[in-house]
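Report on the structure
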Amino acid sequence: MAVADSGSITQAARLLHSSQPAVSHQLASLERETGTVLLRREPRGVRLTPAGRAAVADARRAIEAATSAVRSARAAGEATGGSLRLGCAQSLVSVLAPVIREWHRRHPEVAITLRESTAADELHGFVDSDEVDLALMPAPVPGRFTITTVAEEEIVLTAPTGHPLAEQPTVRLEDLGGVPFVHYAAENGLSAWLDRSFARAGVRPEPVMRTAVTTAAPQLAAAGLGIAVCPVSALSDGFPGAVRSFSPRWVRQLVAVTSAEPDPLAARFIRNLSNHGVHVPHGVRTQLAADSPTSTKTR
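Before going into details, it helps to say that this report is about the structure given with it. No experiment lies behind these values; they were computed from the predicted model shown. (Residues numbered from 1 in each chain as written. Predicted model: local features only at pLDDT ≥ 70, side-chain atom pairs only at ≥ 80, totals over all residues. Heavy atoms only, no water.)

1. With respect to helix α6 (residues 189–201)
Helix length check: α6 (13 residues) gives 19 Å between terminal C-alpha atoms against 18 Å at 1.5 Å per residue, within 8%. Along α6, the residues classified as buried are Leu190, Ser191, Leu194, Ser197 and Phe198. Projected onto a plane normal to the axis of α6, the buried residues spread over an arc of 135° and lie on a single side. Across α6 from its buried face, at more than 90 degrees, point the exposed residues Ala199 and Arg200. At the N-terminal boundary of α6, the capping side chain belongs to Asn188, with an oxygen 2.9 Å from the backbone nitrogen of Leu190. Once α6 ends, the next one or two residues include Gly202, with phi positive near 70°. (Helix = DSSP H or I, 4+ residues; strand = E, 2+ residues; numbered from the N terminus. Expected span 1.5 Å × (residues − 1). Buried < 20%, exposed > 50% of the residue type's maximum accessible area, 1.4 Å probe, protein only. Arc of directions from axis to C-beta. Polar contact = N/O pair within 3.5 Å; in protein donor to acceptor, adjacent residues only side chain to side chain.)

Quick look at the structure:
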């Protein structure tokens, strides 16, 4: 089998519009696979054989694809390109939002998509099936995943202004017994989680309405339907009701969940999440008990 010398390879590289090492490797592989001469040496240089002409388009595409793959992988590793698929518990969109905004500004070449859910099992499924690169959700999380704690979030009581519980600086879980309560619909994971917490404390609030939307419960409570218990991330600036901490302080851990060790792009996003923490609106923060700071990771 004929093998082209370095001068021949250089000319072949010009024919393929590619670098000499790439062409040399590609041609050698193709000639070994086919057992066919692809380049014919002539006194004035090299000429593609009929087999070479048949292969040249595919060879060029293969070289370009390999180059593109290296470029894309490098860009993803440096957060200058690629894509990042995020999953998120519905109530935590406000935690993700400022980080996504920052990435759109600093890393505009990274395409970011978001899938939300109110069910922990569904978020686990997104990670298991490789539909998302990472999911932000409350702990606990099954041991098959890799988790990174990014923040601690307070669980608070919300009520209409003037409600008897709002007159107290802090509230005990036991104070909720028999109190009209805006609860969550079954499809929202907070429903079962709160029911377990109430059962452990021997408390039975009286549900008067249910909502699947986490941010709706405190708004309904503030409107006078009763009280609601929610993560502080569910409260927005200008919240019209009263907000109180529990005693003892009630918190949950927020974790970034990946199927294995996060790749460089996901790892950088997780670090940014940890740096941002949970934003607590100023008006909400001032209502919470002075001796019960809202979080070690708040802004």
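From this point on, the discussion continues.
2. Digging into the packing of helix α4 (residues 93–106) against helix α8 (residues 264–276)
Between α4 and α8, the shortest axis-to-axis distance is 10 Å and the interhelical angle comes to 125°. Taken as axis vectors, α4 and α8 run oblique relative to one another. When you trace α4 past α8, the crossing you get is right-handed. Between α4 and α8, the residues in contact are Val95, Leu96, Pro98, Val99, Ile100, Glu102 and Trp103 and Leu265, Arg268, Phe269, Asn272, Leu273 and His276, respectively. (Axes fitted to C-alpha atoms, helices over the stretch in contact; angles between N-to-C directions. Parallel < 35°, antiparallel > 145°, perpendicular 65-115°, else oblique. Left-handed = near helix turned anticlockwise from the far one by under 90°. Contact = heavy atoms within 4.5 Å.)

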